[in-house]
Amino acid sequence: MKKVKRKLGKYELGRTIGEGAFSKVKSAQNTETGENVAIKVLAKSTILKNKMVEQIKREISIMKIVRHPCIVRLHEVLASRTKIYIIMEFVTGGELFDKIVHQVRLPEKEARRYFQQLIDAVAHCHSKGVYHRDLKPENLLLDCQGNLKVSDFGLSALPQQGVDLLHTTCGTPNYIAPEVLSNRGYNGAAVDVWSCGVILFVLMSRYLPFDEIDLPTLFSKINAADFSCPSWFSSGAVSLIRKILDPNPDTRIKIKGIKRDSWFRKDYLPFRIKDDEQVNLDDVRAVFDDIEGELVSEKSVNSDSSPLEELVSKKSEYSEGGPLIMNAFEMITLSQGLNLAALFDRRQVQ
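Residues numbered from 1 in each chain as written. Predicted model: local features only at pLDDT ≥ 70, side-chain atom pairs only at ≥ 80, totals over all residues. Heavy atoms only, no water.

Identification of the protein as non-specific serine/threonine protein kinase from Nicotiana tabacum is taken from an unreviewed UniProt entry. UniProt, in its Cofactor (unreviewed entry) section for the protein, records the words "Mn(2+)". UniProt annotates the protein under Sequence similarities (unreviewed entry) with the comment "Belongs to the protein kinase superfamily. CAMK Ser/Thr protein kinase family. SNF1 subfamily." (UniProt positions renumbered as here; feature names shortened; annotations may be inferred.)

Draft legend 1. Looking closely at the overall build of the protein. If you tally the helices and strands in the protein, you get 12 helices and 8 strands. Residue burial in the protein is summarised as follows: out of 350 residues, 50% are buried. Look at the contacts in the protein between residues 6 or more apart in sequence, and 67% of them connect residues 24 or more apart. Working note: accessible area of the protein is about 18,000 Å², and carbon and sulfur atoms make up 50% of it. (Helix = DSSP H or I, 4+ residues; strand = E, 2+ residues; numbered from the N terminus. Buried < 20%, exposed > 50% of the residue type's maximum accessible area, 1.4 Å probe, protein only. Contact = heavy atoms within 4.5 Å. Areas by Shrake-Rupley, 256 points an atom, 1.4 Å probe, with all protein chains shown as cover.)

Draft legend 2. Focus on the pattern of salt bridges. On inspection of all chains with the given rule, the structure shows 9 salt bridges. Asp 134 is paired through a salt bridge with Lys 136; the nearest N and O atoms lie 3.9 Å apart. Under the relative-accessibility criterion, Asp 134 is labelled buried at 9%. One salt bridge connects Glu 212 with Lys 221, and the closest N-O pair in it is separated by 3.1 Å. Judged by relative accessible area, Glu 212 falls into the partly exposed class, the value being 26%. With relative accessibility at 27%, the residue Lys 221 sits in the partly exposed group. (Salt bridge = Lys/Arg side-chain N within 4 Å of Asp/Glu carboxyl O.)

Draft legend 3. Region of interest: unusual backbone geometry. Even without being glycine, Lys 51 reaches a positive phi, approximately 55°. Within the fold, Lys 51 resides in the loop between α1 (44–49) and α2 (53–65). One non-glycine residue with positive phi stands out, namely Asp 267, at about 60°.

Draft legend 4. Representation of α2 within the structure. With 13 residues, α2 extends 18 Å from end C-alpha to end C-alpha; this agrees with the ideal 18 Å at 1.5 Å per step. The element α2 is extensively covered by neighbouring structure, given that 13 of its 13 residues are classed as buried. (Expected span 1.5 Å × (residues − 1).)

Draft legend 5. Main features of the packing of helix α4 (residues 108–127) against helix α5 (residues 188–205). For the pair α4 and α5, interaxial distance at closest approach is 10 Å and the crossing angle is 165°. For the element pair α4 / α5, the angle class is roughly antiparallel. Considering only the axes of α4 and α5, their crossing is right-handed. Residue-level inspection shows Glu 108, Ala 111, Tyr 114, Phe 115, Leu 118, Ile 119, Val 122 and His 126 of α4 in contact with α5, the latter providing Gly 188, Ala 189, Asp 192, Cys 196, Ile 199, Leu 200, Leu 203 and Met 204. (Axes fitted to C-alpha atoms, helices over the stretch in contact; angles between N-to-C directions. Parallel < 35°, antiparallel > 145°, perpendicular 65-115°, else oblique. Left-handed = near helix turned anticlockwise from the far one by under 90°.)

Draft legend 6. Molecular detail of the sheet that holds strand β6 (residues 83–89). Strands sit in the order β1-β2-β3-β4-β6-β5 across an open sheet of 6 strands; the sheet is antiparallel. What marks the edges here is a single partner per strand, and that holds for β1 (7–8) and β5 (74–79). Here strand β2 (residues 11–19) runs beside strand β3 (residues 23–30); their pairing, made up of 6 bridges, is antiparallel. Bridging across to β3, Gly 18 finds its partner in Val 25. (Pairing = 2+ DSSP bridges.)

Draft legend 7. Spotlight on the packing of aromatic side chains. Under the criterion given, the structure shown has 8 aromatic pairs. A centroid spacing of 5.7 Å and a plane angle of 75° characterise the contact between Phe 210 and Phe 227, whose relative ring orientation is edge-to-face. One end of the pair, Phe 210, is in the loop between α5 and α6 (215–224); the other, Phe 227, is in the loop between α6 and α7 (235–244), with 17 residues separating them in the sequence. What makes Phe 210 buried here is its relative accessible area of 0%. The exposure class of Phe 227 is buried, given its relative accessible area of 10%. Clustering of aromatic rings is evident, with ring pairs tying together Trp 194, Phe 201, Tyr 207, Phe 210, Phe 227, Trp 232 and Phe 233. The ring centre of Tyr 114 lies 5.0 Å from the NZ or CZ of Arg 113, which sits over that ring. Cation over ring: Arg 242 sits above Phe 227, and NZ or CZ is 4.8 Å from the ring centre. (Phe/Tyr/Trp six-rings, centres within 6.5 Å; stacked < 30°, edge-to-face > 60°. Lys NZ or Arg CZ within 6 Å of the ring centre and 35° of its normal.)

Draft legend 8. Quick peek at the nonpolar core. With 78 residues, the main nonpolar core has Phe 115, Leu 118, Val 150, Phe 153, Ile 258 and Phe 288 as its most contacted residues. Examining the composition of this core, we find that 11 residues originate from one element, α5, more than from any other. If we ignore the near neighbours within four places in the chain, the residues touching Val 150 are Cys 70, Ile 71, Val 72, Leu 118, Ala 121, His 132, Leu 135, Asn 139 and Leu 140. Core analysis: the second largest hydrophobic core is formed by 9 residues, Leu 8, Val 37, Val 41 and Ile 87 among them. (Core = buried A, V, L, I, M, F, W, Y, C linked by side-chain atoms within 4.5 Å.)

Draft legend 9. View of the environment of Leu 140. Looking at the secondary structure, you find Leu 140 in strand β7 (residues 140–142). Leu 140 sits in the buried class, given a relative accessible area of 0%. Along the chain, Leu 140 and Ile 71 lie 69 residues apart, while their C-alpha atoms are 8.9 Å from each other. When near neighbours in sequence (up to four residues on either side) are disregarded, Leu 140 contacts Gly 94, Glu 95, Leu 96, Leu 118, Leu 148, Lys 149, Val 150 and Ile 199.

Draft legend 10. Representation of the side chain of Asp 261 within the structure. Looking at where Asp 261 falls in the secondary structure, it is placed in the loop between α8 (255–260) and α9 (262–265). Leave out the neighbours within four places in its chain, and Asp 261 touches Leu 240 and Lys 243.

In C-alpha coordinates:
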(Lines give C-alpha, C1' and ligand atoms only; values in the text may rest on other atoms or scores of the structure.)
Protein backbone atom coordinates (compact mmCIF):
# COMPACT_ATOMS: atom_id res chain seq x y z
CA MET A 1 0.00 0.00 0.00
CA LYS A 2 1.39 3.39 -1.00
CA LYS A 3 2.35 5.54 1.97
CA VAL A 4 0.44 8.84 2.15
CA LYS A 5 2.82 11.76 2.62
CA ARG A 6 2.06 14.32 5.29
CA LYS A 7 1.22 17.82 4.12
CA LEU A 8 1.49 21.25 5.66
CA GLY A 9 -0.61 23.53 3.51
CA LYS A 10 1.01 23.53 0.07
CA TYR A 11 4.14 21.74 1.39
CA GLU A 12 4.59 17.97 1.19
CA LEU A 13 6.78 16.89 4.10
CA GLY A 14 9.76 14.55 3.65
CA ARG A 15 12.31 13.07 6.01
CA THR A 16 13.92 14.69 9.04
CA ILE A 17 17.31 16.07 7.96
CA GLY A 18 18.44 17.65 11.22
CA GLU A 19 17.65 17.89 14.91
CA GLY A 20 18.68 20.37 17.57
CA ALA A 21 17.93 21.02 21.23
CA PHE A 22 14.83 23.09 20.45
CA SER A 23 13.80 22.07 16.93
CA LYS A 24 13.94 19.57 14.10
CA VAL A 25 14.35 20.28 10.38
CA LYS A 26 12.44 18.41 7.68
CA SER A 27 12.87 18.40 3.92
CA ALA A 28 9.72 19.32 2.01
CA GLN A 29 8.47 20.28 -1.44
CA ASN A 30 6.23 23.13 -2.49
CA THR A 31 3.51 21.27 -4.44
CA GLU A 32 2.60 24.44 -6.36
CA THR A 33 6.09 25.26 -7.65
CA GLY A 34 8.03 22.01 -7.20
CA GLU A 35 10.66 23.91 -5.17
CA ASN A 36 12.49 21.96 -2.45
CA VAL A 37 12.49 23.69 0.94
CA ALA A 38 13.62 23.03 4.49
CA ILE A 39 11.09 23.38 7.31
CA LYS A 40 12.25 24.06 10.86
CA VAL A 41 9.68 22.78 13.36
CA LEU A 42 9.51 24.27 16.85
CA ALA A 43 7.10 23.34 19.65
CA LYS A 44 5.35 26.37 21.11
CA SER A 45 5.58 24.84 24.59
CA THR A 46 9.39 24.61 24.29
CA ILE A 47 9.66 28.22 23.12
CA LEU A 48 7.56 29.44 26.02
CA LYS A 49 9.28 27.23 28.60
CA ASN A 50 12.74 28.46 27.57
CA LYS A 51 11.67 32.11 27.19
CA MET A 52 12.80 32.16 23.54
CA VAL A 53 9.89 34.10 22.03
CA GLU A 54 11.78 37.37 21.54
CA GLN A 55 14.92 35.69 20.20
CA ILE A 56 13.08 33.57 17.61
CA LYS A 57 10.78 36.43 16.63
CA ARG A 58 13.82 38.66 16.04
CA GLU A 59 15.69 36.02 14.03
CA ILE A 60 12.69 35.28 11.79
CA SER A 61 11.96 38.96 11.20
CA ILE A 62 15.58 39.68 10.30
CA MET A 63 15.82 36.75 7.88
CA LYS A 64 12.71 37.92 6.00
CA ILE A 65 14.13 41.43 5.66
CA VAL A 66 17.76 40.73 4.66
CA ARG A 67 17.00 39.14 1.28
CA HIS A 68 20.15 38.56 -0.74
CA PRO A 69 21.47 35.73 -2.99
CA CYS A 70 24.21 35.05 -0.41
CA ILE A 71 21.86 34.82 2.57
CA VAL A 72 19.64 31.81 3.31
CA ARG A 73 16.13 32.89 2.34
CA LEU A 74 13.20 32.55 4.71
CA HIS A 75 10.02 32.10 2.67
CA GLU A 76 7.25 32.20 5.25
CA VAL A 77 6.16 31.19 8.75
CA LEU A 78 3.17 28.97 9.55
CA ALA A 79 1.70 27.77 12.82
CA SER A 80 -0.59 25.09 14.17
CA ARG A 81 -2.11 24.97 17.65
CA THR A 82 1.09 23.49 19.10
CA LYS A 83 3.92 24.17 16.61
CA ILE A 84 5.65 26.88 14.58
CA TYR A 85 6.92 26.02 11.07
CA ILE A 86 9.68 28.14 9.51
CA ILE A 87 9.91 27.52 5.76
CA MET A 88 13.39 28.23 4.39
CA GLU A 89 15.50 27.80 1.30
CA PHE A 90 16.92 24.26 1.13
CA VAL A 91 20.71 24.62 0.92
CA THR A 92 22.31 21.33 -0.10
CA GLY A 93 26.07 21.98 -0.22
CA GLY A 94 26.80 21.71 3.51
CA GLU A 95 28.86 24.00 5.74
CA LEU A 96 31.85 25.92 4.46
CA PHE A 97 33.60 24.66 7.61
CA ASP A 98 33.44 21.07 6.34
CA LYS A 99 34.93 22.09 2.99
CA ILE A 100 37.84 23.74 4.79
CA VAL A 101 38.41 20.69 6.99
CA HIS A 102 38.26 18.12 4.18
CA GLN A 103 40.30 20.01 1.58
CA VAL A 104 44.08 20.29 1.84
CA ARG A 105 43.96 24.04 1.35
CA LEU A 106 41.69 26.32 -0.65
CA PRO A 107 43.39 28.04 -3.59
CA GLU A 108 43.61 31.80 -3.00
CA LYS A 109 41.26 32.46 -5.92
CA GLU A 110 38.55 30.23 -4.40
CA ALA A 111 39.03 31.69 -0.91
CA ARG A 112 38.70 35.19 -2.38
CA ARG A 113 35.46 34.26 -4.16
CA TYR A 114 33.87 33.05 -0.91
CA PHE A 115 35.16 36.15 0.86
CA GLN A 116 33.69 38.42 -1.83
CA GLN A 117 30.29 36.73 -1.42
CA LEU A 118 30.55 37.01 2.37
CA ILE A 119 31.32 40.72 2.20
CA ASP A 120 28.43 41.28 -0.24
CA ALA A 121 26.03 39.55 2.18
CA VAL A 122 27.34 41.40 5.24
CA ALA A 123 27.22 44.75 3.41
CA HIS A 124 23.58 44.07 2.55
CA CYS A 125 22.78 43.24 6.19
CA HIS A 126 24.44 46.45 7.35
CA SER A 127 22.49 48.47 4.76
CA LYS A 128 19.33 47.19 6.48
CA GLY A 129 20.69 48.03 9.93
CA VAL A 130 21.33 44.38 10.83
CA TYR A 131 24.54 43.13 12.49
CA HIS A 132 25.11 39.37 12.50
CA ARG A 133 27.59 39.16 15.44
CA ASP A 134 28.35 35.44 15.03
CA LEU A 135 30.01 35.10 11.64
CA LYS A 136 32.11 31.92 11.37
CA PRO A 137 32.51 29.11 8.80
CA GLU A 138 29.96 26.93 10.62
CA ASN A 139 27.32 29.59 9.89
CA LEU A 140 28.22 29.80 6.20
CA LEU A 141 26.52 27.25 3.93
CA LEU A 142 27.10 26.36 0.28
CA ASP A 143 24.42 25.81 -2.32
CA CYS A 144 24.51 23.23 -5.12
CA GLN A 145 26.45 25.68 -7.34
CA GLY A 146 29.07 26.33 -4.68
CA ASN A 147 27.82 29.81 -3.76
CA LEU A 148 28.03 30.96 -0.17
CA LYS A 149 24.90 31.45 1.99
CA VAL A 150 25.02 33.20 5.37
CA SER A 151 22.78 31.56 7.97
CA ASP A 152 21.98 31.61 11.70
CA PHE A 153 20.86 35.10 12.66
CA GLY A 154 20.08 34.04 16.24
CA LEU A 155 22.57 36.52 17.75
CA SER A 156 21.87 39.33 15.29
CA ALA A 157 21.23 42.84 16.54
CA LEU A 158 19.10 45.65 15.21
CA PRO A 159 19.60 49.38 15.67
CA GLN A 160 17.69 50.96 18.53
CA GLN A 161 16.46 54.51 18.60
CA GLY A 162 19.04 56.77 20.27
CA VAL A 163 21.54 53.89 20.74
CA ASP A 164 24.76 53.91 18.70
CA LEU A 165 26.65 51.12 20.49
CA LEU A 166 25.74 47.54 21.33
CA HIS A 167 26.63 46.05 24.69
CA THR A 168 25.78 42.35 24.76
CA THR A 169 28.89 40.16 24.87
CA CYS A 170 28.22 37.38 22.39
CA GLY A 171 29.73 35.44 19.52
CA THR A 172 32.30 32.67 19.22
CA PRO A 173 35.59 33.44 21.05
CA ASN A 174 38.05 32.74 18.20
CA TYR A 175 36.13 35.05 15.84
CA ILE A 176 35.21 37.79 18.30
CA ALA A 177 36.50 41.37 17.96
CA PRO A 178 38.59 42.82 20.81
CA GLU A 179 36.16 45.65 21.55
CA VAL A 180 33.37 43.16 22.34
CA LEU A 181 35.44 42.03 25.33
CA SER A 182 35.91 45.54 26.69
CA ASN A 183 32.37 45.98 28.11
CA ARG A 184 32.39 49.60 26.89
CA GLY A 185 30.02 49.12 23.96
CA TYR A 186 30.87 48.41 20.33
CA ASN A 187 29.87 49.14 16.76
CA GLY A 188 28.12 46.12 15.22
CA ALA A 189 29.44 46.79 11.71
CA ALA A 190 33.08 46.91 12.85
CA VAL A 191 32.63 43.67 14.80
CA ASP A 192 31.27 41.85 11.73
CA VAL A 193 34.19 43.13 9.64
CA TRP A 194 36.68 41.68 12.18
CA SER A 195 34.95 38.27 12.03
CA CYS A 196 35.11 38.38 8.21
CA GLY A 197 38.87 38.91 8.49
CA VAL A 198 39.27 35.86 10.72
CA ILE A 199 37.18 33.82 8.25
CA LEU A 200 39.39 34.94 5.33
CA PHE A 201 42.50 33.91 7.28
CA VAL A 202 40.96 30.47 8.02
CA LEU A 203 39.88 29.99 4.39
CA MET A 204 43.43 30.53 3.17
CA SER A 205 45.35 28.77 5.94
CA ARG A 206 43.02 26.06 7.40
CA TYR A 207 43.85 27.25 10.92
CA LEU A 208 42.80 30.10 13.20
CA PRO A 209 44.85 33.29 13.62
CA PHE A 210 43.98 33.33 17.33
CA ASP A 211 43.85 29.82 18.79
CA GLU A 212 44.88 29.32 22.41
CA ILE A 213 43.61 26.57 24.72
CA ASP A 214 42.90 28.84 27.69
CA LEU A 215 40.59 31.78 27.09
CA PRO A 216 42.51 34.48 29.02
CA THR A 217 45.53 33.91 26.74
CA LEU A 218 43.28 33.79 23.68
CA PHE A 219 41.66 37.11 24.58
CA SER A 220 45.04 38.67 25.26
CA LYS A 221 46.23 37.74 21.75
CA ILE A 222 42.99 39.01 20.20
CA ASN A 223 43.32 42.34 22.04
CA ALA A 224 46.87 42.74 20.74
CA ALA A 225 46.04 41.34 17.26
CA ASP A 226 48.98 39.01 17.87
CA PHE A 227 49.03 36.81 14.76
CA SER A 228 51.24 36.11 11.74
CA CYS A 229 50.30 35.16 8.18
CA PRO A 230 51.71 32.00 6.53
CA SER A 231 54.36 32.36 3.85
CA TRP A 232 51.98 31.26 1.07
CA PHE A 233 49.65 34.25 1.53
CA SER A 234 50.11 36.80 -1.25
CA SER A 235 51.21 40.29 -0.27
CA GLY A 236 47.78 41.66 -1.27
CA ALA A 237 45.97 39.20 1.00
CA VAL A 238 48.32 39.94 3.92
CA SER A 239 47.82 43.67 3.52
CA LEU A 240 44.02 43.39 3.53
CA ILE A 241 43.91 40.95 6.45
CA ARG A 242 46.08 43.28 8.56
CA LYS A 243 43.75 46.19 7.77
CA ILE A 244 40.76 44.09 8.86
CA LEU A 245 42.33 42.57 11.98
CA ASP A 246 43.16 46.01 13.37
CA PRO A 247 42.39 45.92 17.14
CA ASN A 248 41.31 49.56 17.01
CA PRO A 249 37.73 49.64 15.63
CA ASP A 250 38.10 53.34 14.75
CA THR A 251 40.99 52.73 12.33
CA ARG A 252 39.87 49.25 11.17
CA ILE A 253 39.01 49.15 7.47
CA LYS A 254 35.29 49.38 6.72
CA ILE A 255 33.20 47.48 4.18
CA LYS A 256 33.55 50.27 1.61
CA GLY A 257 37.32 50.16 1.99
CA ILE A 258 37.37 46.38 1.57
CA LYS A 259 35.35 46.67 -1.64
CA ARG A 260 37.88 49.20 -3.01
CA ASP A 261 40.88 47.01 -2.15
CA SER A 262 42.77 45.79 -5.24
CA TRP A 263 43.17 42.21 -3.91
CA PHE A 264 39.45 42.00 -3.16
CA ARG A 265 38.40 43.42 -6.53
CA LYS A 266 40.24 40.81 -8.60
CA ASP A 267 37.63 38.71 -10.52
CA TYR A 268 34.89 40.36 -8.43
CA LEU A 269 31.37 39.72 -9.74
CA PRO A 270 28.80 41.22 -7.34
CA PHE A 271 25.30 39.74 -7.33
CA ARG A 272 22.46 41.83 -8.72
CA ILE A 273 19.68 42.24 -6.18
CA LYS A 274 16.20 43.72 -6.29
CA ASP A 275 16.47 46.31 -3.55
CA ASP A 276 12.84 47.34 -4.02
CA GLU A 277 11.54 43.83 -3.33
CA GLN A 278 8.49 44.00 -1.07
CA VAL A 279 8.76 41.97 2.15
CA ASN A 280 5.51 40.81 3.72
CA LEU A 281 5.71 40.29 7.48
CA ASP A 282 2.03 39.50 8.05
CA ASP A 283 2.72 35.79 8.62
CA VAL A 284 5.30 36.55 11.31
CA ARG A 285 2.93 39.00 12.97
CA ALA A 286 0.08 36.48 12.97
CA VAL A 287 2.18 33.67 14.45
CA PHE A 288 3.71 35.76 17.21
CA ASP A 289 0.58 37.69 18.09
CA ASP A 290 -0.87 34.29 18.89
CA ILE A 291 2.05 32.94 20.93
CA GLU A 292 2.65 36.21 22.78
CA GLY A 293 -1.01 36.19 23.77
CA GLU A 294 -0.19 33.04 25.70
CA LEU A 295 2.56 34.87 27.60
CA VAL A 296 1.24 38.33 28.47
CA SER A 297 -0.82 40.98 26.76
CA GLU A 298 1.53 43.22 24.82
CA LYS A 299 1.54 47.02 24.98
CA SER A 300 -0.10 48.58 21.96
CA VAL A 301 2.36 49.27 19.16
CA ASN A 302 2.86 52.86 18.01
CA SER A 303 1.03 53.30 14.72
CA ASP A 304 4.00 55.22 13.29
CA SER A 305 6.39 52.30 13.88
CA SER A 306 7.97 50.51 10.95
CA PRO A 307 7.03 46.85 10.32
CA LEU A 308 10.39 45.78 11.71
CA GLU A 309 9.96 47.84 14.87
CA GLU A 310 6.51 46.35 15.36
CA LEU A 311 7.87 42.83 15.17
CA VAL A 312 11.13 43.17 17.07
CA SER A 313 10.99 44.32 20.66
CA LYS A 314 13.29 47.23 21.34
CA LYS A 315 14.18 45.75 24.70
CA SER A 316 15.64 42.62 23.12
CA GLU A 317 19.26 43.79 23.32
CA TYR A 318 19.00 44.44 27.05
CA SER A 319 16.13 42.13 28.05
CA GLU A 320 16.43 40.20 31.29
CA GLY A 321 13.62 37.90 30.24
CA GLY A 322 15.46 36.33 27.32
CA PRO A 323 16.31 32.70 26.76
CA LEU A 324 17.70 30.75 29.71
CA ILE A 325 21.18 30.37 28.23
CA MET A 326 24.28 30.79 30.39
CA ASN A 327 26.40 33.76 29.36
CA ALA A 328 29.79 32.05 29.24
CA PHE A 329 31.60 35.37 28.97
CA GLU A 330 30.28 36.42 32.38
CA MET A 331 31.49 33.11 33.75
CA ILE A 332 34.95 33.73 32.28
CA THR A 333 35.31 37.01 34.17
CA LEU A 334 34.73 35.07 37.40
CA SER A 335 36.97 32.15 36.43
CA GLN A 336 40.03 33.54 34.67
CA GLY A 337 42.16 30.53 35.56
CA LEU A 338 39.82 27.93 34.10
CA ASN A 339 40.17 26.37 30.68
CA LEU A 340 36.66 26.86 29.28
CA ALA A 341 37.45 26.37 25.59
CA ALA A 342 35.39 23.19 25.37
CA LEU A 343 32.25 25.17 26.18
CA PHE A 344 32.50 27.10 22.92
CA ASP A 345 33.91 25.26 19.93
CA ARG A 346 32.35 21.98 18.89
CA ARG A 347 35.33 21.46 16.59
CA GLN A 348 38.71 23.06 16.07
CA VAL A 349 40.11 23.82 12.65
CA GLN A 350 43.27 21.76 12.33
